[in-house]
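Spelled out from the first residue to the last, the chains are:
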Amino acid sequence: MSRASLDKDPRDVAAMFDGVARRYDLTNDVLSLGQDRAWRRATLTALRAVPGEKVLDLAAGTGTSSEPLADAGVRVVPCDISTGMLAVGKQRRPDLPFTAGDATALPFADDAFDAVTISFGLRNVVDTVAALSEMRRVVRPGGRLVICEFSTPSWKPFRAVYDGYLTKALPAVARVVAKQSAAYAYLAESIQDWPDQVGLAGLMKQAGWTSVAYRNLTGGIVALHRATKG
């Protein structure tokens, strides 16, 4: 049985990311060949946050995705289940309100945010629909959701090459760069076990989100899903 098919105990997930926190951002740059930066910029564009709005950044990790929002005058709250990742982020940006929280039981009031975003973290949650429902709860009516997540390449020949990279190259490179391969073996398995673009859109609708749409980035390696709280 693959690691990704096991129950994603929040304590195990948090401990796994605590262990890679120090080199997490560097490893992501290397493993994605720098594409993660373009994916995050596309997420910010899709989010359409303006100065003064309050945005929840879930699975924020070290705050890489939160920093440009804060610098643009958005009141961003970085939230993650890994206290190790949050500690690294707090050292770099002590001005940001890093908050520990489980996506399936968020420590925020109803209708507290104008928008919520989560990048490369939804796969790690124990109950996807419960997390999507919680995101909907904490966003005001008319508020927005943007999800940036690994997905299924749309071109079948490329999909085979990509699967080979995930299962063989990615853990090997992570062993060198991050000094840790187990977490990235899990990463590869969780990507392969994750729903495709249409599947995730269906889960979002099941959680009550409306106006659900998506677009592919880098040939479908990553997809941006957008929705509104009706």
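What you see is a predicted model, and the numbers here were worked out from it, not measured in a lab.

1. A short note on the sheet that holds strand β3 (residues 99-100)
- Spatial ordering of the open sheet is given by β3-β2-β1-β4-β5-β7-β6, a layout of 7 strands whose pairing is mixed. Looking at which strands have only one partner, the edges of the open sheet turn out to be β3 and β6 (210-217).
- Note: strand β5 (residues 139-150) against strand β7 (residues 222-228), 7 bridges, orientation antiparallel. Looking across to β7, one finds that R144 is bridged to T228.
- Where helix α6 (residues 128-138) meets the sheet, its contacts fall on β1 (54-58), β4 (113-119) and β5, and the angle it forms with β5 comes to roughly 145°.

2. What to know about the UniProt feature "binding site: S-adenosyl-L-methionine" (unreviewed entry) in the protein
- The residues that UniProt annotates with the feature "binding site: S-adenosyl-L-methionine" (unreviewed entry) are T62, D80, D102, A103 and S119.
- Structurally, the position occupied by T62 is in the loop between β1 and α4 (67-71).
- For T62, a relative accessible area of 2% translates into the label buried.
- Secondary-structure assignment places D80 in strand β2 (residues 75-80).
- Within polar-contact distance, the side chain of D80 engages the backbone nitrogen of S82 at 2.7 Å.

3. Quick word on the pattern of salt bridges
- Applying the stated rule across the entire model yields 10 salt bridges.
- Salt-bridge contacts for R93 lead to E67; the nearest nitrogen and oxygen are separated by 3.6 Å. You can see R93 sitting in the loop between α5 (83-92) and β3 and its partner E67 sitting in helix α4, a full 26 residues away along the chain.
- Note on R93: relative accessible area 15%, which makes it buried.
- Three or more residues joined by partner-sharing salt bridges are found here, namely E67, D71, R92, R93 and D95.

4. So, the side chain of E67
- On the accessibility criterion, E67 (17% relative accessible area) is buried.
- Reaching out from E67, the side chain makes a polar contact with the side chain of R92 at a distance of 2.9 Å.
- In this structure, E67 is in contact with R92, R93 and L96, ignoring residues within four places of it in sequence.

5. Notes on the nonpolar core
- Within the largest apolar cluster, 29 residues are counted, with the highest numbers of intra-cluster contacts made by L56, L58, L122, L132, M135, M204 and W209.
- When residues of this core are assigned to their parent elements, the largest contribution, 5 residues, is made by α6.
- Listed in part, the 26 residues of the second largest apolar core include A42, C148, Y162 and A188.

6. Let's talk about the packing of aromatic side chains
- This model, assessed by the stated rule, comprises 4 aromatic pairs.
- On the numbers, 5.9 Å between centres and 50° between planes, the contact of W39 with F120 is tilted. Here the residue W39 occupies a position in helix α3 (residues 35-47), and F120 occupies one in the loop between β4 and α6, the gap between them amounting to 81 residues. Like W39, the residue F120 is buried in the burial classification.

7. Some thoughts on unusual backbone geometry
- Phi angles above zero are rare outside glycine, and R48 is one such case at about 55°.
- Tracing the backbone shows R48 in the loop between α3 and β1.
- A relative accessible area of 53% means that R48 is categorised as exposed.

8. Structural notes on the packing of α6 against helix α9 (residues 197-206)
- Running from N to C, α6 and α9 point in directions that differ by 55°, and their axes come no closer than 8 Å. Relative to α9, α6 is oriented oblique. Viewed along their axes, α6 and α9 form a crossing whose handedness is right-handed. Residues T128, V129 and L132 of α6 touch α9, and the partners they reach there are L203, M204 and Q206.

Conventions used here
- Residues numbered from 1 in each chain as written.
- Predicted model: local features only at pLDDT ≥ 70, side-chain atom pairs only at ≥ 80, totals over all residues.
- Heavy atoms only, no water.
- Pairing = 2+ DSSP bridges.
- Helix = DSSP H or I, 4+ residues; strand = E, 2+ residues; numbered from the N terminus.
- Contact = heavy atoms within 4.5 Å.
- Axes fitted to C-alpha atoms, helices over the stretch in contact; angles between N-to-C directions.
- UniProt positions renumbered as here; feature names shortened; annotations may be inferred.
- Buried < 20%, exposed > 50% of the residue type's maximum accessible area, 1.4 Å probe, protein only.
- Polar contact = N/O pair within 3.5 Å; in protein donor to acceptor, adjacent residues only side chain to side chain.
- Salt bridge = Lys/Arg side-chain N within 4 Å of Asp/Glu carboxyl O.
- Core = buried A, V, L, I, M, F, W, Y, C linked by side-chain atoms within 4.5 Å.
- Phe/Tyr/Trp six-rings, centres within 6.5 Å; stacked < 30°, edge-to-face > 60°.
- Parallel < 35°, antiparallel > 145°, perpendicular 65-115°, else oblique.
- Left-handed = near helix turned anticlockwise from the far one by under 90°.

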